[in-house]
Amino acid sequence: MRMHRDQLRSGPTLRFAMLAVGLAAFGFVGPVFTTVSAGEFPADNPRHLRLVKAKVQAAQFLSKATFGCTEESIDELAERINQVGYKRATTEWIDQQFDLPMSSHEDTALDIIRVDGNEPDMQSGAPSQYRYQAWWHIALTGEDQLRQRVAWALSQIFVIGDSGEAFNNDDKRSKGNGEETIVDWVGMSRYYDMLAQGASGNYRDLLEDVTYNPCMGVWLSSLRNRKANVAAGRFPDENYAREIMQLFSVGLYEMHPDGRLKTNDDGELIPTYDNTQIKELGRLFTGFKYSHNTSTSFYAGRNYGDPMAIHIQEHDNNFDYSEEAGAPNSKTVFGTVLPPLPSPLTEQAVRDEIGAGLDAIANHPNVAPFICRLLIQRLVKSNPSRAYMSRVTRVFNDNGQGQRGDLRAVVTAILTDPELYRSQRLVRRTGPLRLEVVTRGTEYSRLREPINRVTSLIRAVRPTSDYAGGYMMLSSSITDDLGQMPFRSPSVFNYYLPDYQPPGDLIGYQPSRRNPYDSLFAPEFQILNAVTANRMLNRLRTYCRNRYTQHGMRKGSCRITFHLEPEIELAQDLDNMDEILQRFDLWLCNGTLSEETKTSIKNAVIAETEGRDYAYVDRLEIMLNAVLVSPDCAIEQ
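Residues numbered from 1 in each chain as written. Predicted model: local features only at pLDDT ≥ 70, side-chain atom pairs only at ≥ 80, totals over all residues. Heavy atoms only, no water.

Q: Looking at this structure, how should I read the overall build of the protein?
A: Across its full length, the protein holds 26 helices and 14 strands. Taken against the 2.2 N^0.38 rule, which gives 26 Å for 637 residues, the C-alpha radius of gyration of the protein at 26 Å falls within 12% of a compact globule. If you line up the protein on its principal axes, its C-alpha atoms span 90 × 65 × 45 Å. Buried positions account for 57% of the 637 residues belonging to the protein. (Helix = DSSP H or I, 4+ residues; strand = E, 2+ residues; numbered from the N terminus. Rg over C-alpha atoms; globule rule 2.2 N^0.38 Å. Buried < 20%, exposed > 50% of the residue type's maximum accessible area, 1.4 Å probe, protein only.)

Q: In this structure, what is going on with the sheet that holds strand S13 (residues 557–561)? I would like to understand it.
A: Hydrogen bonding along the main chain pairs the strands of a sheet, whether they run parallel or antiparallel. The 3 strands are arranged S11-S13-S12 in an open sheet whose pairing can be described as antiparallel. If you trace the sheet from one side to the other, it starts and ends with strand S11 (464–465) and strand S12 (548–552), each paired once. Relative to S13, S11 runs antiparallel, the two sharing 2 bridges. The residue bridging Thr464 from the neighbouring strand is Thr561, located in S13. (Pairing = 2+ DSSP bridges.)

Q: So what exactly am I meant to see when it comes to the nonpolar core here?
A: Grouped burial of nonpolar side chains is what soluble globular proteins tend to show. One finds Phe158, Val210, Ile244, Phe248, Phe285, Ile414 and Leu415 to be the most contacted residues of the largest nonpolar core, which totals 174 residues. Apart from residues lying up to four places away in sequence, Leu415 is in contact with Phe61, Lys64, Ala65, Tyr86, Ile94, Leu146, Val380 and Leu420. Formed by 8 residues, the second largest nonpolar core is a distinct cluster that contains Leu447, Leu528, Ala533 and Ile635. (Core = buried A, V, L, I, M, F, W, Y, C linked by side-chain atoms within 4.5 Å. Contact = heavy atoms within 4.5 Å.)

Q: Mind showing me how you'd approach the packing of aromatic side chains here?
A: The geometry of an aromatic ring pair is captured by two quantities: the separation of the ring centres and the angle between the planes. A complete count under the given rule lists 20 aromatic pairs for this structure. Geometrically, the ring pair formed by Trp135 and Trp136 is edge-to-face, given 5.2 Å between the ring centres and 90° between the ring planes. According to the relative accessible area criterion, Trp136 is buried, its value standing at 0%. An aromatic cluster is present here, built from Phe67, Trp135, Trp136, Trp152, Tyr495 and Tyr496 joined pairwise through their rings. A cation over an aromatic ring shows up here: Arg131 above the ring of Phe487, its NZ or CZ 5.9 Å from the ring centre. The ring centre of Tyr444 lies 5.3 Å from the NZ or CZ of Arg440, which sits over that ring. (Phe/Tyr/Trp six-rings, centres within 6.5 Å; stacked < 30°, edge-to-face > 60°. Lys NZ or Arg CZ within 6 Å of the ring centre and 35° of its normal.)

Q: Could you clarify how one ought to interpret the environment of Ala38 in this entry?
A: Position of Ala38 among the secondary structure elements: in strand S1 (residues 36–42). Expressed as a C-alpha distance, the spacing of Ala38 and Ile635, which sit 597 residues apart in the sequence, is 12 Å. Aside from chain neighbours lying at most four places away, what touches Ala38 is Val437, Val438, Thr439, Gly591, Thr592, Leu593, Ser594 and Glu595.

Q: Mind showing me how you'd approach the packing of helix H12 (residues 239–246) against helix H13 (residues 275–284) here?
A: Put simply, H12 and H13 touch, their axes get as near as 7 Å, and they point 120° apart. For the crossing formed where H12 meets H13, the hand is right-handed. Facing H12, whose interface residues are Ala241, Arg242, Ile244 and Met245, H13 presents Gln277, Ile278, Leu281 and Gly282. Each residue belonging to the contact of H12 with H13 can be placed in one class, and the counts come to 5 nonpolar, 2 polar and 1 charged. (Axes fitted to C-alpha atoms, helices over the stretch in contact; angles between N-to-C directions. Left-handed = near helix turned anticlockwise from the far one by under 90°. Nonpolar A, V, L, I, M, F, W, Y, C, P; charged D, E, K, R; others polar.)

Q: Sorry if this is basic, but what is going on with helix H16 (residues 386–397) here?
A: Within an α-helix, residues lying three or four positions from one another point in the same direction, as the helix has 3.6 residues per turn. For H16, spanning 12 residues, the distance from its first C-alpha to its last is 16 Å, which sits close to the expected 16 Å at 1.5 Å a residue. When we look at burial in H16, the residues that qualify are Tyr388, Met389, Val392, Thr393 and Phe396. Along H16, the residues classed as buried sweep out an arc of 115° about the axis, all on the same side. Those residues of H16 that are buried are in contact with helix H10 (203–212), helix H15 (367–379), helix H17 (407–416) and helix H18 (418–421). (Expected span 1.5 Å × (residues − 1). Arc of directions from axis to C-beta.)

Q: How should the packing of helix H6 (residues 105–116) against helix H9 (residues 186–198) be read in this particular structure?
A: Helices that pack against each other are described as a pair by the angle of their axes relative to one another and the distance between those axes. In contact at an axis separation of 7 Å, H6 and H9 are set at 140° when each is read in the N-to-C sense. Between H6 and H9, the angle is such that the two are oblique. Touching His105, Glu106 and Leu110 of H6 are Val186, Ser189, Arg190, Tyr192 and Asp193, all from H9. Residue composition of the contact of H6 with H9, by class: 3 nonpolar, 2 polar and 3 charged. (Parallel < 35°, antiparallel > 145°, perpendicular 65-115°, else oblique.)

Q: I would appreciate a short explanation of a nonpolar patch on the surface in the present structure.
A: A cluster of nonpolar side chains, namely Leu252, Tyr253, Leu261 and Leu269, defines an oily patch on the protein surface of about 300 Å² accessible area. Following the sequence through the fold, Tyr253 ends up in the loop between H12 and H13. (Patch = residues over 30% accessible without salt bridge, like charges linked within 9 Å, V, L, I, M, F, W, Y side chains within 5 Å. Areas by Shrake-Rupley, 256 points an atom, 1.4 Å probe, with all protein chains shown as cover. Salt bridge = Lys/Arg side-chain N within 4 Å of Asp/Glu carboxyl O.)

Q: Hey, could you run me through the environment of Pro271 in this one?
A: For Pro271, the position within the fold is in the loop between H12 and H13. Exposure remark for Pro271: the relative accessible area of 47% places this residue in the partly exposed category. Along the chain, Pro271 and Leu252 lie 19 residues apart, while their C-alpha atoms are 5.7 Å from each other.

Q: What exactly am I supposed to notice about the pattern of salt bridges here?
A: Between side chains of opposite charge, a pair can form when the charged atoms approach closely. Applying the stated criterion to the full structure yields 50 salt bridges. Between Arg434 and Glu40 there is a salt bridge, with the nearest N and O atoms lying 3.2 Å from each other. Of the two residues, Arg434 sits in strand S9 (residues 434–439) while Glu40 sits in strand S1, which places them 394 residues apart along the sequence. A salt bridge links Asp316 to Arg283; its shortest N-O distance comes to 3.2 Å. Taken as a pair, Asp316 in the loop between strand S5 (309–310) and strand S6 (332–333) and Arg283 in helix H13 lie far apart in primary sequence, 33 residues in all. Note on Asp316: relative accessible area 1%, which makes it buried. One salt-bridge network, in which partners are shared between bridges, spans Lys381, Arg391, Asp417, Glu419, Glu443 and Arg514.

Printed below as a string of structure tokens:
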């Protein structure tokens, strides 16, 4: 592991402690998934103890529902928890969040451009970088944190990446009637806004929005997908047909509502679809073209701003498509026979047929457990239990008002389910009076996403930005350090697979009967390797030791300063280390920083700085870094 020069100048005790903590955080030494007694929080009296407990509950909840806790958000939610109870307080918070105006990635990116004195089609300087700058600003400062956090989850389900054709171009063009398209690179920001809007909408509606989106049309080649010409040996592209089933709706194998995989009489898994179904959907998703006000050409110019239009001449009309004689006059999707198409064909008839196909997909019984599991993994934990899955899929199937696929209700169910807060047991102790946090570990936990580790750090440390307009931004150049970056998924399969398992055996642990798969998964570990671990540790260390982040932008640079003045003042006295660690624990580890880890950090800091109180700023920075790279912080409970 590479160490910076000033690290090498540190004493041996501190260097060893920091290295051990950092390596443990990424699974290189010792077990990551363990059940342990975590942190302790002293209390002056029973009333104070109730407040401390509410703060830990608030921090744990907010770590899953936002891009990171802030001192203010913890205090506000904790106060409400004490007033009305946990379930009511968190449900109110969710409702308030969804009712906030949506932060727009497109509008934010365009405003940053204006602040810089540039234009979206500036034709130089890679303006597509503004989409990443806008994402960071919204994640770090947006008031609608829940909507944006769910949008981030949805973007890892309905995946597109910036390697799509012309996704980074700075061109626009006429779309007829005196109107122009948006600049090409803005298309992905508009796609992301579509997901953010859909976070509180209906799954079926979002599935249709995704299907007609031109960026998705390019990414999975449904755009300009032509009907068959058997004589010429041409058949419809099946890319989107395959992925809408495998990744966006039903998955590969039939599931019970509690997440268990169904088997046939021979004990074999039951596929949700076969090649015939892929061909049927391939035929359904034909005839899409770019929207244009006046052109009737199937090859109208690029337009990433409007839903795709239908070119009826290239939509499969159920005739002359098959090698077999006697082709049926309707398509079939999951046993549902779609309505026959009229002759002559009309655009509305095509849209009705596609809509009927999407209805058949969205109503498949596998959709609820498949989508709910993915959302739980992205918001709460890697291995939801059978009971957790059952409760959430029940809400997906019926929100209590007879509506299926209500994503707002599903997110509420996920974030207010008892399994979220049961990952931590909060125990009242006496002699002295204190709150003990006991973590359940393993099946209740997950490795935090690198993106969320960065956002949670910055949001916690009272950040301010020196950039014009107050914009708070990081650069996409840190992609290699984190192993992921919004808009930069390497493939339609996201940054990692939901069923990824790190190589090797999990010694001494057997999945419980509550686990639907009889096996454990750890998706985020797929992007964790010696290179990303080293780079991530060094990146976090640089942020902590400088107490700011600074990245080059399209114009100048953006410095985000950490305001830890109260903690710096406390750090002047070694006797205040416990209080500092408790604050960092609450903000960054949600109460799970173990006493063992705290002791290791304190002993190392004391060994290096005792008698050197003038080094109190270094002392504070070292403590922040040590907490951030600890296994207790890297693994979210």
